[in-house]
Amino acid sequence: MGQSKTSLSAGLVVRELLKGCTDKVYPIVASNATLPYISYRRRAIQTVDTKSRPSDTVQIEVNVFAETYESSVALAETVRSKLEYNQAEVEGLRMRSCVLSDSEEGWESDAYYQTLIFDIKI
């Protein structure tokens with residue numbers, strides 16, 4: 001009998017939704033990846049205890065890397081449209097809501113990057 005998923009597995013939902021953006025979607029880090037690609041990681045979990053069951057908000061960081069600034073912004077826009085205000089369920093884990101809460105951009109290791117922070121309710 002399989003163990004039920006919790007908010008610790010929120011990356012499964014994120015990965016499933018981001019598959020349509022590019023074939024190169026990696027958890028945490030992408031070693032030797034070719035541009036463009038996306039990586040994601042769980043940054044934090046906030047739990048609110050309710051009468052029926054705990055309610056978790058997971059903060060997920062999504063990083064987009066691309067060769068040009070314009071293509072990094074375009075891919076970040078696609079990521080945002082795939083995640084924000086959407087709901088999804090993967091392996092019994094349900095994302096009830098997702099909102100962009102912060103972002104930044106920069107240059108690192110010969111690539112432009114866009115960092116998007118999402119607050120996801122599980």
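Preceding this section is the structure that the text describes.
This is a predicted model, so every value here is computed, not measured.

1. Some points on the overall build of the protein
- Looking only at helices and strands, the protein has two helices and seven strands in total.
- Taking 122 residues into account, the globule formula puts the C-alpha radius of gyration at 14 Å, and the protein, at 15 Å, falls close to it.
- For the protein, restricting intrachain contacts to residue pairs at least 6 apart in sequence, the fraction spanning at least 24 positions comes to 55%.
- Between the mean site of the 14 positive side-chain charges and the mean site of the 17 negative ones, the protein shows a separation of 10 Å.

2. With respect to the pairing of strand β6 (residues 97-108)
- The sheet contact formed by β6 and strand β7 (residues 111-121) spans 11 bridges and is antiparallel. Counterpart to Leu 100 in the pairing with β7 is Phe 118.
- Counted between consecutive antiparallel strands, the loop separating β6 from β7 contains two residues, among which Ser 109 sits at a positive phi close to 50°.

3. As for helix α1 (residues 10-18)
- Those residues of α1 not exposed but buried are Ala 10, Gly 11, Val 13, Val 14 and Leu 18. Buried residues along α1 cover an arc of 155° about the axis, so they all sit on one side.

4. Structural notes on the pattern of salt bridges
- For the structure on display, the rule yields five salt bridges.
- For Glu 91, the salt bridge identified is with Lys 5, shortest N-O distance 3.5 Å. On the criterion of sequence distance, the pair formed by Glu 91 in the loop between β4 (88-90) and β5 (93-95) and Lys 5 in the segment before α1 is long-range, its members being 86 residues apart.
- A salt bridge links Glu 84 to Arg 80; the shortest N-O distance between them is 2.6 Å.
- Residue class for Arg 80 comes out partly exposed when judged on its relative accessible area of 33%.

5. Quick notes on the nonpolar core
- Membership of the largest hydrophobic core comes to 26 residues, with the highest contact counts inside it found for Leu 18, Ile 38, Val 62, Val 79 and Phe 118.
- Of all the secondary-structure elements, those providing two or more residues to this core are α1, β2 (37-48), β3 (55-66), α2 (69-83), β4, β5, β6 and β7.
- Look past the residues within four positions of Val 79 in its chain and what remains in contact with it is Leu 18, Cys 21, Ile 38, Val 62, Val 64, Leu 116 and Phe 118.
- Counting residues in hydrophobic clusters, the runner-up holds five residues, among them Ala 30, Tyr 37, Phe 65 and Tyr 113.

6. Some details on the environment of Val 64
- Tracing the chain through its elements places Val 64 in strand β3.
- On the basis of relative accessible area, Val 64 is assigned to the buried category, the value being 0%.
- Put simply, Val 64 and Glu 105 are 41 residues apart on the chain and 9.3 Å apart in space, counted from C-alpha to C-alpha.
- Setting aside residues no more than four positions away along its own chain, Val 64 makes contact with Tyr 37, Ile 38, Ser 72, Leu 75, Ala 76, Val 79, Tyr 112, Tyr 113 and Gln 114.

Definitions and cut-offs
Every chain is numbered independently, its residues counted from 1 as its sequence is written. Where local features are concerned, this predicted model is filtered to residues with pLDDT of at least 70; where side-chain atom pairs are given and counted, the filter is 80 or more; whole-chain, interface and lining totals use all residues. Side-chain measures were taken over the full set of non-hydrogen atoms in the model, leaving aside hydrogen atoms and water. By the criteria applied, helices consist of DSSP H or I runs no shorter than four residues and strands consist of E runs no shorter than two, each listed in order from the N terminus. Note that the radius of gyration is over C-alpha atoms, with the globule rule given as 2.2 Å times the number of residues to the power 0.38. The contact criterion used throughout is that any non-hydrogen atoms of two residues lie within 4.5 Å. Positive: Lys, Arg. Negative: Asp, Glu. His and the chain ends are not part of the count. Taken as the charge centre is NZ of Lys, CZ of Arg, CG of Asp or CD of Glu, depending on the residue. Pairing between two strands requires that DSSP report at least two bridges joining them. Any residue under 20% of the maximum accessible area for its type is buried, any over 50% is exposed, and the rest in between are partly exposed; the area is computed with a 1.4 Å probe on protein chains only. This arc is built from the directions going out from the helix axis to the C-beta atoms. One side-chain nitrogen of Lys or Arg within 4 Å of one carboxyl oxygen of Asp or Glu is enough to make a salt bridge. Nonpolar core, defined: a set of buried Ala, Val, Leu, Ile, Met, Phe, Trp, Tyr and Cys residues in which side-chain atoms within 4.5 Å join the residues together.

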